[in-house]
Amino acid sequence: MSRALSVYAAAALVFLHAPLVVLVLFSFNGGRFTVWEGFSLRWYQAAVSDPQLAEGLVNSLLIAVVAGVLSTVIGTLAAYGMWRRASPVLSGALYLSLVTPEIVTGVSLLALFQWAFRFLHLQLGLYTVVIAHVAFSIAYVTIVVSSRLRSYDRTLEEAAMDLGATEWGAFRRVTLPSIAPAVAAAGLLALVVSFDDYVITSLVAGVDSQTLPMVIYAMARRGVSPVVNAVSALIVVAFGAVIVVAERLQKR
Amino acid sequence: MEAVLELRAIAKEYTGHRAVDNVSLRLERGGFYCLLGPSGCGKTTTLRMVGGFEQPTSGEILLGGATVTGLRPWQRDVSTVFQNYALFPHLTALRNIEFGLRERRAADAREKALRALELVQLSAKRDSLPAQLSGGEKQRVALARSLVLEPQLLLLDEPLAALDPRLRKAMRAELKAMQRKTGITFLFVTHDQEEALSMSDKMAVMNKGRIEQFGTPEEVYLRPSTAFVAGFLGAINWFGKAGVRPEATRVAYTAPEGLPARRGTVESRLFLGNCIHVHARLAEGGQAICEVARDERQFTEGEEVWLHWHPADELRFE
Amino acid sequence: MNTRWWFLLPARVWTALFLLAPLGIVGAYSVLTRGDYGGVEAPWTMESYTRLIDPLYLAILWRSVWMATLSTVLCALLGFPLALFIARAGRRKNLWLQLVLLPFWTSFLVRTYAWLFILRDTGLVNTVLQRLHVIRTPLPLLYNDGAVLLGLVYSFLPFFVLPVYAALERLDGSLAEAAADLGARPLSTLRRVILPLSAPGIAAGCVLVFIPCLGSYLTPDLLGGGKTVMVGNLIQNQFTTARDWPFGSATSLVLMLVSALALLMMMRSPATKEML
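All figures in this text were calculated on a predicted structure; none of them were measured in a lab.

**Examining helix 5 (residues 165-182) of chain B**
All names here are of chain B.
Here comes step 1: Here helix 5 contains 18 residues, and its C-alpha end-to-end distance of 26 Å stays within 8% of the 26 Å for a straight helix at 1.5 Å per residue.
Here comes step 2: For helix 5, the elements touching its buried residues are strand 3 (32-36), helix 3 (109-119), helix 4 (135-147), strand 7 (153-157), strand 8 (185-190) and helix 6 (193-199).
Here comes step 3: Within two residues after helix 5, Gly-183 carries a phi angle of roughly 75°, on the positive side.

**Overview of the layout of surface pockets**
Here comes step 1: A volume near 980 Å³ is recorded for the second largest pocket.
Here comes step 2: Around the second largest pocket, the lining comprises 31 residues; the ones closest to its centre are Ser-2 of chain A, Arg-72 of chain B together with Arg-88, Ala-176 and Glu-177 of chain C.
Here comes step 3: Across the lining of the second largest pocket, the residue classes break down as 19 nonpolar, 5 polar and 7 charged.

**A closer look at the sheet that holds strand 10 (residues 210-215) of chain B**
Residue and element names in this part refer to chain B.
Here comes step 1: Here 6 strands make up an open sheet; going across it, the order is 6-7-8-3-9-10 and the pairing mixed. Of all the strands in the sheet, the pair left with one neighbour each is strand 6 (78-81) and strand 10. If you compare each strand with its neighbour and ignore which way they point, the axes differ by 20° on average.
Here comes step 2: Summarising the sheet, strand 9 (residues 202-207) and strand 10 pair through 5 bridges and their orientation is antiparallel. Bridge pairing in strand 10 places Met-206 opposite Ile-211.
Here comes step 3: Contacting strand 3, strand 6, strand 7, strand 8 and strand 9, helix 1 (residues 43-51) runs over the sheet at an angle of about 145° to strand 7.
Here comes step 4: Strand contacts of helix 5: strand 3, strand 7 and strand 8, with the helix running at about 160° to strand 8, the strand carrying the most contacts.

**With respect to the interface of chain C and chain A**
Here comes step 1: With 73 residues of chain C in contact, the opposing surface of chain A contributes 77 residues.
Here comes step 2: Between chain C and chain A, roughly 6900 Å² of surface is buried when both sides are summed, and carbon and sulfur atoms account for 79% of that area.
Here comes step 3: Inspection of the region where chain C meets chain A yields 1 salt bridge.
Here comes step 4: The partner of Arg-221 of chain A in a salt bridge is Asp-221 of chain C, and the shortest N-O contact between them spans 3.2 Å.
Here comes step 5: Sorting elements by how many residues they give to the side of chain C that touches chain A places helix 1 (residues 3-29) of chain C first, with 19 residues.

**Notes on the domain arrangement of chain B**
Here comes step 1: On domain assignment, one finds that chain B holds domain 1 (3-228) and domain 2 (235-313).
Here comes step 2: Look at where the C-alpha atoms of domain 1 of chain B and domain 2 of chain B centre, and you get two points 40 Å apart.

**With respect to the arrangement of the chains**
Here comes step 1: Where 2 pairs of chains are in contact, the pair with the most contacts is made of chains A and C.
Here comes step 2: The two partners chain A and chain B share no contact, and the minimum distance between any of their C-alpha atoms is 13 Å.

**Comments concerning the interface of chain B and chain C**
Accessible area lost during the coming together of the parts is what is often quoted as the interface size.
Here comes step 1: Across the contact, 21 residues belong to chain B and 19 residues belong to chain C.
Here comes step 2: Between chain B and chain C, the buried area comes to about 1900 Å², and carbon and sulfur atoms account for 60% of it.
Here comes step 3: Per-residue buried area on chain B facing chain C is highest for Trp-74, His-90 and Phe-99 of chain B; these three make up 37% of the total on that side.
Here comes step 4: For the pair chain B and chain C, the interface holds 2 salt bridges.
Here comes step 5: Arg-48 of chain B is the salt-bridge partner of Glu-177 of chain C, the closest N and O atoms lying 2.5 Å from each other.
Here comes step 6: Inspection of the chain B/chain C interface yields 11 residue pairs in polar contact (both at pLDDT 80 or more).
Here comes step 7: Contributions of two or more residues to the side of chain B that touches chain C are made by strand 6 and helix 2 (93-103) of chain B.
Here comes step 8: At 4 residues, the largest contribution of residues to the side of chain B that touches chain C is made by helix 2 of chain B.
Here comes step 9: Tallied by class, the residues present in the side of chain B that touches chain C amount to 11 nonpolar, 5 polar and 5 charged.

**Here we look at the sheet that holds strand 5 (residues 66-67) of chain B**
All names here are of chain B.
Here comes step 1: Taken in spatial order, the 4 strands line up as 2-1-4-5 in an open sheet, and their pairing is antiparallel. With partners counted over all chains shown, the strands left at the sheet margins are strand 2 (17-28) and strand 5, one partner each.
Here comes step 2: With 2 bridges connecting them, strand 4 (residues 58-63) and strand 5 associate as antiparallel partners. Following the sheet pairing, Leu-62 is matched in strand 5 by Thr-67.

**Observations regarding the pairing of strand 9 of chain B**
Here comes step 1: In terms of burial, strand 9 of chain B is a largely internal element, 5 of the 6 residues being buried.
Here comes step 2: Adjacent in sequence and paired antiparallel, strand 9 of chain B and strand 10 of chain B are bridged by 2 residues, among which Lys-208 of chain B carries a positive phi angle near 50°.

**Section: the nonpolar core**
Here comes step 1: Counting 147 residues, the largest nonpolar core has Phe-113 of chain A together with Phe-80, Ile-86 and Phe-160 of chain C as the members making the most contacts within it.
Here comes step 2: A total of 14 residues in this core trace back to one element, the largest contributor, which is helix 3 (residues 55-87) of chain C.
Here comes step 3: The residue makeup of this core includes at least three contributed by each of domain 1 (1-40) and domain 2 (52-251) of chain A.
Here comes step 4: Excluding anything up to four places from it in sequence, Phe-80 of chain C contacts Cys-75, Phe-160, Val-164, Leu-168, Leu-190, Ile-194, Leu-195, Ser-198 and Ile-202 of chain C.
Here comes step 5: By size, the runner-up hydrophobic cluster in this structure holds 55 residues, among which are Tyr-85, Met-178, Met-199 and Val-205 of chain B.

**Let's talk about unusual backbone geometry**
All names here are of chain B.
Here comes step 1: Look at Asn-22: it is not a glycine, yet its phi comes out positive at around 60°.
Here comes step 2: Tracing the backbone shows Asn-22 in strand 2.
Here comes step 3: Looking at Asn-22, the relative accessible area reads 46%, which means it is partly exposed.

**Points about the confidence of the model for chain C**
Detailed reading of predicted coordinates is not advised where the pLDDT is low.
Residues and elements named next belong to chain C.
Here comes step 1: Per-residue confidence for chain C gives a mean pLDDT of 88, with 96% of residues at or over 70.
Here comes step 2: When pLDDT is averaged over each helix and strand of chain C, the minimum, 48, is found for helix 13 (residues 270-275) and the maximum, 94, for helix 3.
Here comes step 3: In the predicted assembly, ipTM is 0.87 and pTM is 0.84.

**What to know about the pairing of strand 3 of chain B**
Residue and element names in this part refer to chain B.
Here comes step 1: With respect to burial, strand 3 is a largely interior element, 5 of its 5 residues being buried.
Here comes step 2: With burial as the criterion, each face of strand 3 is covered, one bearing Phe-32, Cys-34 and Leu-36 and the other bearing Tyr-33 and Leu-35.
Here comes step 3: Of the pairings in the sheet, the one linking strand 3 to strand 8 comprises 5 bridges and is parallel in character. The residue bridging Tyr-33 from the neighbouring strand is Leu-187, located in strand 8.
Here comes step 4: When strand 3 meets strand 9, the two strands line up parallel, connected through 4 bridges. From the neighbouring strand, Leu-35 faces strand 9, where its bridge partner is Ala-204.

**Observations regarding the packing of helix 8 (residues 167-196) of chain A against helix 11 (residues 226-251) of chain A**
Residues and elements named next belong to chain A.
Here comes step 1: Running from N to C, helix 8 and helix 11 cross one another at 155°; their axes reach a closest spacing of 8 Å. Between helix 8 and helix 11, the crossing angle belongs to the class labelled roughly antiparallel. By crossing handedness, the relation of helix 8 to helix 11 is classed as left-handed. Note on element contacts: helix 11 touches helix 8 through Phe-239, Val-242, Ile-243, Val-245, Ala-246, Leu-249 and Gln-250, opposite Pro-181, Ala-182, Ala-184, Ala-185, Leu-188, Val-192, Phe-195 and Asp-196.
Here comes step 2: Split into classes, the residues belonging to the contact of helix 8 with helix 11 amount to 13 nonpolar, 1 polar and 1 charged.

**Examining the packing of aromatic side chains**
Here comes step 1: In this structure the tally under the stated criterion is 36 aromatic pairs over all chains.
Here comes step 2: Summarising the aromatic geometry, the rings of Phe-53 of chain B and Phe-82 of chain B are spaced 5.7 Å apart at their centres and angled 50° between planes, so their arrangement reads as tilted. Here Phe-53 of chain B is found in the loop between helix 1 and strand 4, whereas its partner Phe-82 of chain B is found in the loop between strand 6 and helix 2, with 29 residues between them in sequence. Side by side, Phe-53 of chain B and Phe-82 of chain B carry an identical accessibility label, which is buried.
Here comes step 3: On the basis of an interplanar angle of 90° and a centroid distance of 5.1 Å, the ring pair of Trp-5 of chain C and Trp-6 of chain C is categorised as edge-to-face.
Here comes step 4: In this structure Trp-6 of chain C comes out as exposed when scored by relative accessible area, which is 52%.
Here comes step 5: A connected cluster of aromatic rings, assembled from ring pairs, spans Tyr-80, Trp-83, Tyr-152, Trp-168 and Phe-171 of chain A together with Phe-7 of chain C.
Here comes step 6: Its guanidinium or amino end placed over the ring of Phe-88 of chain B, Arg-145 of chain B lies 4.8 Å from that ring's centre, counting from NZ or CZ.
Here comes step 7: For Arg-245 of chain B, the ring lying beneath its charged end belongs to Tyr-221 of chain B, and the centroid distance is 4.2 Å.

Thresholds, definitions, all that
Residues numbered from 1 in each chain as written. Chains lettered and ligands numbered in written order. Predicted model: local features only at pLDDT ≥ 70, side-chain atom pairs only at ≥ 80, totals over all residues. Heavy atoms only, no water. Helix = DSSP H or I, 4+ residues; strand = E, 2+ residues; numbered from the N terminus. Expected span 1.5 Å × (residues − 1). Contact = heavy atoms within 4.5 Å. 1 Å grid on protein atoms, 1.4 Å probe; cavity = no way out; pocket = protein on both sides within 12 Å on 5 of 7 lines; lining within 4 Å. Points joined across faces, edges and corners; volume = space filled by probe spheres on them. Nonpolar A, V, L, I, M, F, W, Y, C, P; charged D, E, K, R; others polar. Pairing = 2+ DSSP bridges. Axes fitted to C-alpha atoms, helices over the stretch in contact; angles between N-to-C directions. Buried area = accessible area lost by both parts, 1.4 Å probe. Salt bridge = Lys/Arg side-chain N within 4 Å of Asp/Glu carboxyl O. Domains from an automatic or database assignment. Polar contact = N/O pair within 3.5 Å; in protein donor to acceptor, adjacent residues only side chain to side chain. Buried < 20%, exposed > 50% of the residue type's maximum accessible area, 1.4 Å probe, protein only. Core = buried A, V, L, I, M, F, W, Y, C linked by side-chain atoms within 4.5 Å. pLDDT = per-residue confidence, 0-100. Parallel < 35°, antiparallel > 145°, perpendicular 65-115°, else oblique. Left-handed = near helix turned anticlockwise from the far one by under 90°. Phe/Tyr/Trp six-rings, centres within 6.5 Å; stacked < 30°, edge-to-face > 60°. Lys NZ or Arg CZ within 6 Å of the ring centre and 35° of its normal.

Okay, here's the thing in structure tokens:
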């Protein structure tokens, strides 16, 4: 029984990892097709010198950093406020954002923006993507920071206020430093989900604001190019590194 | 008498240390046995090997004359009462007791379970979930759940440790009565020497993976075979090579004639309710405790005294 | 006004403006009429909802529910033994958990693309099989329900494993020992003790798989190649190509309603109730 279980678990692990391993492996393939023709970095060179990919990467990074910082600040403040006293309406809204299908979040934001543009002389752009990403990232940040606060000793803050700190001072000088690793982890998580998003982004991005996932999607739809493998491999490695750092921070 | 359990030189090795080292033991059918020792002495590991949860590295286990070494827990006619009771939280008291009977496809499972519930005086709690039961009640359900299967041997792994002290003492008599009523052999693991002394027909004292002595409580207490056994079962005063229990040590202002004695100074008196313990510092170095009657008014702090004893009460080891 | 109010303010404003208001607009659009050049117009009407009863759209809804159910069942069957194994892995528990979650942390798009790369006509599987002369012409592995199902199960398996692992990990190890001691063989212990006690985790895992599968868009789009249209693709299409916003809005609300029903159903199941 337990041996069968181990064999099964090993097989499941192969199932989970093999597609990505194969993908990364063939990004080093010399040939265009799925036949090994020797080691080569030509697809990486092609990826690096592709202007569309470069533009997408710059846009994605810009969006991820701005949305990441904004959602981390908003989410951390919210988690702290809800830790002080529960706010059923806000937490209900955040849970709703987690269970709302991405496509619905996307079209509803699109509808909102189009409606607002009737009154404002604006159009879709990078900033609409940032707004959308912050909207769905706040819930992730709040969850990570809240779970850290759950094990945080309330008396520390009471002690600070007893020593003369204001509520804001107690938060900034006592609580925030001790939950800082969790906040940083939440920020990295927000960065990753923002960088990764395709569905919502594709609906609310302006014509001149293609993100990296949008470029990859377009390339994948056109047919498979080893360049996509190379970019994917880079993303896999970069995401892996960020997540490892986030995990370390959360455990601290 | 027929042996219900026989351990033949069983050992359990984990990387780098022997938790159980060459243990042999023979239990006769129908007795109440205790396995006593400090934590980490290998008593629980021994019990788990009998239950089938761990396999011995070497040696043989016989149950009712047949070898069960290598058999899995569900293949052995023994049952365990776990330290934390391990009651199934999703099942009522009655359903917990029925669990093993249903596994055996017993036709009269419900009837038997109800009788077992009655035996442990919990008929009123038949539909309660474990979370709704007190510690003592959980203990009794666990006991009934095992007893209802009428195993050849019942293993109890420190079942009283989680109870509060008052209840723990009451349960001793109850467990012993239960054993007598059912006639099932009990093997009871504990680190509490009082528990072992009060309940056992025979007890084994374990230390560092080995059994140091196996005998009746009187034998083990009065004629311990090793210094460890003597020290583990009760306080002991060391006068050179001779060990004397506090209750066999006397105190006086003058040295008695013809008896071994030592000079000392009273350091403190501890009133224990049923007696008084006089702690004395010996002139030759070291300390001794002497038990005196609780109405004794003499021997107060700072007084010079003589401690003496009868040679017959001396315990000597190589 | 106390300090806490200020802490919550930004989140309240952002969620009100960019989560709740958009859903409100979608709700309003769903009962309006389609405009001539996209957009919406008066009068108020329930026409978008009545159109959903059209067999064509009912079939899409039904197919989505069916695919999500199938994915959930497959994730449960594949995920439970995995969670059980990890919970029993002793000191290596955390390592195993990380290994299972690692692919989940790489980009969703990349993970879906990986299957495109493996399954397409000139993909890994077909190339290998052709080279080995097992097949002559490529097998149609991509752009069908099977490929979509595979992609969904692959993407959402960790969503099932995680809560079930958490439930199993909390289980007292001596309960399984007690069951064995009372005569239960491993499968019997599984059925009578482990499954009932991990039922809340299983229900949570089912919800976490079912809901995103039901509303999935990218997986059917890339791996189904337009043939396997699910409700997510229908909504996307109404808001972009077809420019029928009222109908897309109505479909969105129905999708959310079905998701909420699934959530309620699984939270109300007797298994979870017992633990609440």
